[in-house]
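# Fold and contact review
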Amino acid sequence: MAALARTRRISASCLGVNHLVITGGGGGLGRAIIEVFAAPSWQIAAPARAELDVTDPVAIRRYFESRPVDLLVFAAGIIRDTPLACLDDSAWDEVFAVNYQAAAACAAAVLPGMIGRSCGHLIFISSHSALHPPVGQLPYAAAKAALLGLTVSLARIHGLHGIRVNAILPGFLETPMTESVSQKRKAEILEQHALGRFNTPDAVAKFIRHLHEDLPHTSGQIFKLDSRTL
C-alpha cells in the first residue's frame with residue numbers, strides 16, 4: 001500500500017511538466033522529434049554543438065545545471081566505419097565519446113534534478129548494430145551496445161525515484177547521417193526487412209511521444225522498431 005501511495009504521488013508530481021531536451025536535435029531524427037512534440041505544453045531545447053559540445057563533460061554539466069529536464073532524448077551519434085585492422089585510436093575514442101560517454105554524462109547531469117522531483121524519463125537512441133554488428137562498425141556497435149547496459153542499469157537504480165529509462169533501436173533511417181551509405185548496401189539492408197521498407201524518423205518520433213505520454217509504467221525496456229529479421 002505504501003508503494004502504491006508513493007507511485008500515485010510521483011505520477012501527480014509529473015502532471016503538466018513538459019521540458020524536453022534532445023541531443024543531436026539537428027539530425028534527421030532530432031528534427032522529427034521536435035516536430036512531433038511541438039505544442040504550447042512543451043518547452044523544447046535541441047542544442048547545436050556550439051551551444052552544447054557533448055564530448056565535453058564540463059560543458060554538459062554547465063548546460064544542465066540550472067535547466068529543468070523531464071524528458072531527455074539522447075539522439076547524438078556519429079559513425080566512423082573502418083575495418084578493425086585500419087582502426088586507429090582517435091576514431092575509436094571519437095565514436096565512443098559521442099555515442100556512449102556523452103549519453104552517460106548527460107544522464108548524470110540531469111538525474112539529480114529528476115531525483116529531486118521524483119519524476120523524469122531518459123530515452124537513449126541505440127542501434128540494430130548493438131545486437132547485430134556489421135563488419136567494419138566495431139566502435140559504433142560497441143558504443144550502442146553499452147547504451148543498452150546503461151539503460152537497464154539506470155532503470156533498476158532509479159526506478160524507486162520515479163524515473164524511467166528506456167532505449168530505442170529505430171532501425172535504418174534515411175537521414176543525413178546515412179547519406180554516405182551506398183545504394184548497394186541499402187539494398188542489402190532492405191532485404192533483411194520483413195515488410196520490405198525502412199522505418200522513418202517521423203514514425204520513431206511518434207513512438208517516443210507515445211512511450212513518454214501513454215506508457216508511464218514502462219522502464220528498463222529496449223524497443224526494436226523496424227521489421228528487420230536478421
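In this text, all values refer to a predicted model and were calculated from it rather than measured experimentally.

## Observations regarding the packing of aromatic side chains
Per the stated rule, a full pass over the model turns up six aromatic pairs. Between Trp92 and Phe96 the ring centres are 6.0 Å apart and the planes differ by 5°, which places this aromatic pair in the stacked class. Placement of both Trp92 and Phe96 in helix 4 (residues 89–117) is noted, with a separation of four residues, approximately one turn of the helix. Among the residues examined, Trp92 registers a relative accessible area of 28% and is labelled partly exposed. Three or more aromatic residues joined by ring pairs make a cluster, and in this case those are Trp92, Phe96 and Tyr100.

## Re the pattern of salt bridges
For side chains of opposite charge, pairing can occur when their charged atoms come near one another. By the definition in use, this model includes seven salt bridges. The salt bridge partner of Arg209 is Glu213, with a shortest N-O separation of 3.0 Å. Taken together, the residues Arg209 and Glu213, both in helix 7 (residues 201–214) and four residues apart, mark about one turn of the helix.

## Focus on the pairing of strand 3 (residues 71–74)
Remark: a regular strand shows side chains that alternate across the two faces of the sheet. Here strand 3 shows no split at all, with Leu71 and Val73 on one side and Leu72 and Phe74 on the other all buried. Of the pairings in the sheet, the one linking strand 1 (residues 19–23) to strand 3 comprises four bridges and is parallel in character. In the strand pairing of strand 3, Thr23 is matched with Phe74. Of the pairings in the sheet, the one linking strand 3 to strand 4 (residues 120–125) comprises four bridges and is parallel in character. In the sheet register, Leu71 faces strand 4, and the bridge partner there is His121.

## Observations concerning the side chain of His193
Locating His193 in the fold gives a position in the loop between helix 6 (183–190) and helix 7. Judged by relative accessible area, which is 5%, His193 ranks as buried. Side-chain polar atoms of His193 contact the backbone oxygen of Ile189, separated by 2.9 Å. Of note is the side chain of His193, whose polar atom sits 3.3 Å from the side chain of Asp226. In this structure His193 touches Phe198, Asp226, Ser227 and Arg228, once residues within four positions along its chain are discounted.

## Here we look at the sheet that holds strand 6 (residues 222–224)
One open sheet holds the six strands; their spatial order is 2-1-3-4-5-6, and the pairing between them is parallel. The strands lining the two open edges of the sheet, one partner per strand, are strand 2 (43–45) and strand 6. With strand direction ignored, the average angle separating the axes of adjacent strands in the sheet is 15°. Bridging between strand 1 and strand 2 involves three bridges; their strand directions are parallel. By the bridge assignment, Val21 is partnered in strand 2 with Ala45.

## Considering the packing of helix 2 (residues 28–37) against helix 7
When two helices pack together, their arrangement is captured by the angle between the axes and the distance separating the axes. Two elements in contact, helix 2 and helix 7, have axes separated by 8 Å at closest approach and are oriented at 50°. It follows that helix 2 is oblique to helix 7 by the angle criterion. Helix 2 and helix 7 meet at a crossing whose hand is right-handed. Contacts between helix 2 and helix 7 involve Gly28, Leu29, Ala32, Ile33, Val36 and Phe37 from the former and Pro201, Asp202, Val204, Ala205, Lys206, Ile208 and Arg209 from the latter. Residues that form the contact of helix 2 with helix 7 fall into these classes: nine nonpolar, one polar and three charged.

## Here's the deal with the packing of helix 4 against helix 5 (residues 138–158)
The N-to-C vectors of helix 4 and helix 5 enclose an angle of 15°; their axes lie 8 Å apart at closest approach. The angle between helix 4 and helix 5 places the two elements in the roughly parallel class. Remark: the crossing between helix 4 and helix 5 carries right-handed chirality. Residue-level contacts link Trp92, Val95, Phe96, Asn99, Tyr100, Ala103, Ala104, Ala107, Leu111 and Ile115 of helix 4 to Leu138, Pro139, Tyr140, Ala142, Ala143, Lys144, Ala146, Leu147, Leu150, Leu154 and His158 of helix 5.

## Points about the nonpolar core
Judged by nonpolar contacts, the single largest core of 26 residues is most densely connected at Phe64, Leu72, Leu122, Phe124 and Leu154. Going through the elements one at a time, helix 3 (57–64), strand 3, helix 4, strand 4, helix 5 and strand 5 (163–169) are the ones with two or more residues in this core.

So, how was this worked out
The residue numbers shown here count from 1 along each chain, following its written sequence. Local features are withheld for residues below a pLDDT of 70 in this predicted model, meaning they are given only at 70 or higher, and side-chain atom pairs are given and counted only at 80 or more; totals for whole chains, interfaces and linings count all residues. Side-chain metrics rest on all non-hydrogen atoms present in the structure, leaving aside hydrogens and water. When two rings of Phe, Tyr or Trp (its six-membered ring) have centres within 6.5 Å they constitute a pair, described as stacked for plane angles under 30 degrees, edge-to-face for angles over 60, and tilted for the intermediate range. Secondary structure elements are defined from DSSP: runs of H or I of at least 4 residues count as helices, runs of E of at least 2 residues count as strands, and each element is numbered from the N terminus. Burial status follows relative accessibility: with a 1.4 Å probe on protein chains alone, a residue under 20% of its type maximum counts as buried, one over 50% as exposed, and anything between as partly exposed. A carboxyl oxygen of Asp or Glu within 4 Å of a side-chain nitrogen of Lys or Arg is what we treat as a salt bridge. The criterion for strand pairing is that DSSP finds at least two bridges linking the strands in question. We call two N or O atoms a polar contact when they sit within 3.5 Å, provided that within protein one can donate a hydrogen and the other can accept it, with sequence-adjacent residues counted only if both atoms are side-chain atoms. Contact definition: two residues touch when any of their heavy atoms are within 4.5 Å. Only the contacting stretch of a helix is used when fitting its axis, a line to C-alpha atoms as for every element, and angles between N-to-C directions run 0 to 180 degrees. Should an angle fall under 35 degrees it is called roughly parallel, over 145 degrees roughly antiparallel, and 65 to 115 degrees roughly perpendicular, with every other angle called oblique. The crossing is said to be left-handed when, going from far helix to near helix, the turn is anticlockwise and less than a right angle, and right-handed when the turn is clockwise. Amino acids outside the nonpolar list (Ala, Val, Leu, Ile, Met, Phe, Trp, Tyr, Cys, Pro) and the charged list (Asp, Glu, Lys, Arg) are all regarded as polar, and Gly is one of them. The definition of a nonpolar core used throughout is a set of buried Ala, Val, Leu, Ile, Met, Phe, Trp, Tyr and Cys residues joined through side-chain atoms within 4.5 Å.

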